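Understanding the architecture of this molecule
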Amino acid sequence: DAGITQSPRHKVTETGTPVTLRCHQTENHRYMYWYRQDPGHGLRLIHYSYGVKDTDKGEVSDGYSVSRSKTEDFLLTLESATSSQTSVYFCAISDTDGSQPQHFGDGTRLSIL
Amino acid sequence: GQSLEQPSEVTAVEGAIVQINCTYQTSGFYGLSWYQQHDGGAPTFLSYNGLDGLEETGRFSSFLSRSDSYGYLLLQELQMKDSASYFCASYGQNFVFGPGTRLSVLP
């Protein structure tokens, strides 16, 4: 299995608080992605990175920011969490873009009350 | 923009063959991928089609027709462990997943 670790695995927090999710990889893959998964919507791309300090927005980026200061770490931040951001968040990595498989972490279940 | 459609649910019996269809509208389309996800688990990659035609990997095959903006995943000799959700995903200007098809395999 690809070496991807997401932390925390579960988090419960209150509306308005900041939240940071971490994705750590040991594969030295160039591309890293953050998705959220909600019933009926499949996986939706939030942000992705194609290298250190190189990031871009996905289809549901509003309310989220990311940072990638090292190849192995990709952080997702909710500056002021809202209940609509309650979801399961998955990180994925890929050695190349598009045609190559993305390997997913085990997910973070985030509940915002 | 990009959007994908797939059936929400499919049911089949053990040993049977099932086909899960996916139609897409994708700007700058490059290819179509398929992922499997068991309940509570992470998605895992099954196959990728960058060219028209059939790709076979063991019991699973995937097909793409660019002219029809259509693809399918074919699962043969179904086993109980194949009960899961299956997602098509298109790669174009962005990477977009379909809403998923929940496959139930009955004994």
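These lines cover the structure that appears in this document, whether it is placed above or below. (Residues numbered from 1 in each chain as written. Chains lettered and ligands numbered in written order. Predicted model: local features only at pLDDT ≥ 70, side-chain atom pairs only at ≥ 80, totals over all residues. Heavy atoms only, no water.)

**Topic: the side chain of Arg36(A)**
All names here are of chain A. The line we're drawing: Note on conventions: DSSP H or I runs of at least 4 residues are helices, E runs of at least 2 residues are strands, and numbering of each starts at the N terminus. Each residue is placed in one exposure class: buried if its accessible area under a 1.4 Å probe, protein chains only, is under 20% of its type's maximum, exposed if it is over 50%, and partly exposed if it falls in between. Here a polar contact is recorded for every N or O atom pair within 3.5 Å, except that within protein the pair must consist of a potential hydrogen donor and a potential acceptor, and residues adjacent in sequence are included only if both atoms are side-chain atoms.
Relative to the elements of secondary structure, Arg-36 occurs in strand 4 (residues 31-38). In this structure Arg-36 comes out as buried when scored by relative accessible area, which is 8%. Within the structure, the side chain of Arg-36 is placed 2.8 Å from the side chain of Asp-38, a separation counted as a polar contact. At a separation of 2.8 Å, a polar atom in the side chain of Arg-36 contacts the main-chain carbonyl oxygen of Ser-84.

**Some details on the pattern of salt bridges**
A pair can form between side chains of opposite charge whenever their charged atoms are brought close. Counted only if it meets this: Salt bridges are defined as contacts in which a side-chain nitrogen from Lys or Arg sits within 4 Å of a carboxyl oxygen from Asp or Glu.
Per the stated rule, a full pass over the model turns up 6 salt bridges over all chains. Between Arg102(B) and Asp39(B) there is a salt bridge, with its nearest N and O atoms 2.6 Å apart. Placement of Arg102(B) in strand 11 (residues 101-106) and of Asp39(B) in the loop between strand 4 (31-37) and strand 5 (44-49) is noted, with a sequence separation of 63 residues between them. The partner of Arg59(B) in a salt bridge is Asp82(B), with the nearest N and O atoms 2.8 Å apart. Taken as a pair, Arg59(B) in the loop between strand 6 (53-57) and strand 7 (60-65) and Asp82(B) in the loop between strand 8 (70-75) and strand 9 (84-91) lie far apart in primary sequence, 23 residues in all. It is possible to trace a salt-bridge network through shared partners that takes in Arg22(A), Lys70(A) and Asp73(A).

**Concerning the nonpolar core**
This is how the line gets drawn: Take the buried Ala, Val, Leu, Ile, Met, Phe, Trp, Tyr and Cys residues and link them wherever side-chain atoms come within 4.5 Å; each set so joined is a nonpolar core.
Grouped together as the largest cluster of nonpolar side chains are 22 residues, with contacts concentrated most on Leu32(B), Trp34(B), Leu75(B), Tyr86(B) and Leu103(B). Looking at this core, the elements with two or more residues in it are strand 2 (9-13), strand 3 (18-26), strand 4, strand 7, strand 8, strand 9 and strand 11 of chain B. No other element matches the 4 residues that strand 3 of chain B contributes to this core. Listed in part, the 19 residues of the second largest apolar core include Cys23(A), Val66(A), Leu110(A) and Ile112(A).

**So, the pairing of strand 7 of chain B**
Within a regular strand, the side chains alternate between the two sheet faces. All names here are of chain B. The condition is simple: Two strands qualify as a pair provided DSSP detects at least 2 bridges between them.
Counted residue by residue, strand 7 has 5 buried out of 6 residues, so it is predominantly covered. With 5 bridges joining them, strand 6 and strand 7 adopt antiparallel strand pairing. Its bridge partner being in strand 7, Glu-56 is matched across the sheet by Ser-61. What sits between strand 6 and strand 7 in their antiparallel hairpin is a turn of 2 residues, with Gly-58 showing a positive phi close to 65 degrees. Taken together, the 6 bridges between strand 7 and strand 8 define a ladder with antiparallel strand orientation. Counted as the bridge partner of Phe-60 is Leu-75 from strand 8. What sits between the antiparallel neighbours strand 7 and strand 8 is a turn of 4 residues, in which Ser-69 has the positive phi angle 50 degrees.

**Considerations on the interface of chain A and chain B**
The condition is simple: Two residues qualify as a contact provided that any one of their heavy atoms is within 4.5 Å of a heavy atom in the partner residue.
Every contact between the two is made by 20 residues of chain A and, on the other side, 15 residues of chain B. Between the two partners, chain A and chain B, sit 0 salt bridges. Taken together, chain A and chain B are joined by 2 residue pairs in polar contact (both at pLDDT 80 or more). Looking at the side of chain A that touches chain B, the elements that each hand over two or more residues are strand 4 and strand 5 (42-51) of chain A.

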